Amino acid sequence: MRRPANFMEQVDRAPLTYVCILAYLTMAALTGLITPDGEKLLNYGAGNGALIQGGEPWRLLSHSFLHGGFLHLGFNTYFLLLIGPGLEMRLGSLRFALLYVVTAIGGAVTALLWNGEWYSLLVGGSGAIFGMLGAMVAMNVRQGRHKLEFLEQAGPRSLITLIVINLVLGLIIEQISNSAHIGGLITGFVLAYCFLERGRYAADGLTRLLQVLWALLFLSCTAYTLRPVLRWDYRYLEYVEIEDGERRAELSNLLLQQPGYTFGGGPERLEELGLIR
Amino acid sequence: MPGTFSLRTGFAVLLGLAAVWPLALIALHEASPAQAAGLAGQAAQVLRGVGWGAGGMAAAGMVLYPPFLPWLRVQYETLRRRMSVEQGPAVQARGRLAHFENPDDHLTVGRTALAMGQNAQALPHLVRAVELDPSHAGARYFLGRALLSIGQLEPAIEQLRTATAQDEDHAFGAAQLELAFALERAQQDEEALATFARHADRHGDNRRALLARARILRRLGRGDEAKTLLQEAAAPPRAGEPLSKQEQLARARAKVALWRGGAT
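As the structure is a computational prediction, the values presented were derived from the model and not from experiment.

Cut-offs used in this document
- Residues numbered from 1 in each chain as written.
- Chains lettered and ligands numbered in written order.
- Predicted model: local features only at pLDDT ≥ 70, side-chain atom pairs only at ≥ 80, totals over all residues.
- Heavy atoms only, no water.
- Axes fitted to C-alpha atoms, helices over the stretch in contact; angles between N-to-C directions.
- Helix = DSSP H or I, 4+ residues; strand = E, 2+ residues; numbered from the N terminus.
- Parallel < 35°, antiparallel > 145°, perpendicular 65-115°, else oblique.
- Left-handed = near helix turned anticlockwise from the far one by under 90°.
- Contact = heavy atoms within 4.5 Å.
- Nonpolar A, V, L, I, M, F, W, Y, C, P; charged D, E, K, R; others polar.
- Salt bridge = Lys/Arg side-chain N within 4 Å of Asp/Glu carboxyl O.
- Buried < 20%, exposed > 50% of the residue type's maximum accessible area, 1.4 Å probe, protein only.
- Polar contact = N/O pair within 3.5 Å; in protein donor to acceptor, adjacent residues only side chain to side chain.

Draft legend 1. Here's a closer look at the packing of helix α8 (residues 126-143) of chain A against helix α9 (residues 154-172) of chain A. Residue and element names in this part refer to chain A. Between α8 and α9, the shortest axis-to-axis distance is 10 Å and the interhelical angle comes to 150 degrees. One finds that α8 runs roughly antiparallel with respect to α9. Every pair of crossing elements has a handedness; the one defined by α8 and α9 is left-handed. Taken together, the residues of α9 that come into contact with α8 (itself represented by Phe130, Leu133, Met136, Val137 and Asn140) are Pro156, Leu159, Ile160, Leu162, Ile163, Asn166 and Leu167. Its residues assigned to classes, the contact of α8 with α9 comprises 10 nonpolar, two polar and no charged.

Okay, structure coming up:
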């Protein structure tokens, strides 16, 4: 692939990367560049488990265009500039867009389901950026003469090192949601490995079945994020709205066994978020 | 057929269960929230039990059973080798076989499948390679290994015996050594001992062979000789003698056997 001669040519060949960066900067200007306002972040689509389950599923994607401060914005924009254009030129804009959307959702779903960060504000494009890193690893694995050939080369090894360093940083810094990073990384790897990148050799029946199962896993986890039937707040919202006496009694019994409802000041929290009318 | 339920198939089953689980919970919740909660609770208990059980067994194995870590290293090595198999030559061979059948290409496809752990796919190609060229010792050797991997002991012994007769030094005596191990498994003790001895004369001894010979000698009631071989197998490696993962495992097993007074 010929390297772009100048910046404008790069923008021409990788437009979506620069659209994403523009979106990052625009949303940062709207919500506060240095220290964003929490309420503004929520208004502009920050992730929040209760709101997502309460009928605002777009937050699974919109959160990835918002950031929690200047440093957060700076790091994510830098990484996107570093890896986005090359990846977009390699995959094409349509597949790059698919990668961004799916990995942003994958990262958010993992953060919500794994850590139970249901009421925290979820913002940042790092789930999608880790998804891009995962996709790059998958492409290296797919293109080798065998699955482990990529480890014999310095470039792919540096990529793995970069991922590991960032994951370690995520473990050290409390505000970073490492679960979103890991979710994005795995989603990006699986998406690229199974769907975006053709391997050297034809897929057999079992491989095709695995592809279908991975897609089903992604969809079912996303569906569960929208309808988390085991969570006390989902049950409580249903309990408040339902009229069927028998089902109400069943939900009431279950709620009384859940600490989030009985001890966590639960219903008041839902009222604050405007989910109980 | 033994060995056909591969790691990939097991992974597909687990992935399928994980993919269906959230949808099943949502569907069950529609019918009865209490049932959905009950099912989730039971599943969590089962998973916790399996997790603690597996973790406990692994910890106990590491502490109480010396061969456990070498065994893990052998499994890792096997998995790494399977993932490092270059498939290009086999793909080209398959392409040629579509137009022109020949034993070398069947052998290439069969060997590659065997190296990747796909024993069932390997077998027809190796059988055909032997049919097309009955004098090919290498084809018989790989066919013997494929038959051993699916538990067909007697047919494997027949192929390995023929391969050894055709070329005793094939692959530095690999066919002969494999034959000796197969005979030991089939409890054809005298022939196994003779084959091990012949291999040791020509290619030197190794820890796996020493352990197998000790097992045979014990079966034949020659306990003292068995113990000598076990001590040799359990001895620390000499300077400049790197042990393969398989040999490390054999050494650990020999140590355990000596603790048990020679019982293997």
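Draft legend 2. Looking closely at the pattern of salt bridges. All names here are of chain B. In total, this model carries 24 salt bridges over all chains according to the counting rule given. The shortest N-O distance in the salt bridge between Arg96 and Asp105 comes to 2.8 Å. Arg96 gets classed as partly exposed once you look at its relative accessible area, which sits at 42%. A relative accessible area of 7% means that Asp105 is categorised as buried. Put simply, Glu184 and Arg219 hold a salt bridge, and the shortest N to O gap is 3.4 Å. You can see Glu184 sitting in helix α9 (residues 174-185) and its partner Arg219 sitting in helix α11 (residues 207-219), a full 35 residues away along the chain. The exposure class assigned to Glu184 is buried, which follows from its relative accessible area of 6%. Among the residues examined, Arg219 registers a relative accessible area of 35% and is labelled partly exposed. When salt bridges that share partners are traced, they join Glu168, Asp169, Arg198 and Arg202 into one network.

Draft legend 3. Spatial organisation of the side chain of Asn48(A). Mapped onto the elements of the fold, Asn48(A) is located in the loop between α3 (38-43) and α4 (49-53). Polar contacts involving the side chain of Asn48(A) include one to the main-chain amide nitrogen of Ala50(A), which spans 3.0 Å.

Draft legend 4. The arrangement of the packing of helix α6 (residues 119-132) of chain B against helix α7 (residues 137-149) of chain B in detail. All names here are of chain B. Two elements in contact, α6 and α7, have axes whose closest approach is 9 Å; the angle formed by their N-to-C orientations is 145 degrees. Crossing handedness for the pair α6 and α7: left-handed. Across the interface between the two elements, Asn119, Leu123, Leu126, Val127, Ala129 and Val130 of α6 pack against Ala139, Arg140, Phe142, Leu143, Ala146, Leu147 and Ser149 of α7. Residues that form the contact of α6 with α7 fall into these classes: 10 nonpolar, two polar and one charged.

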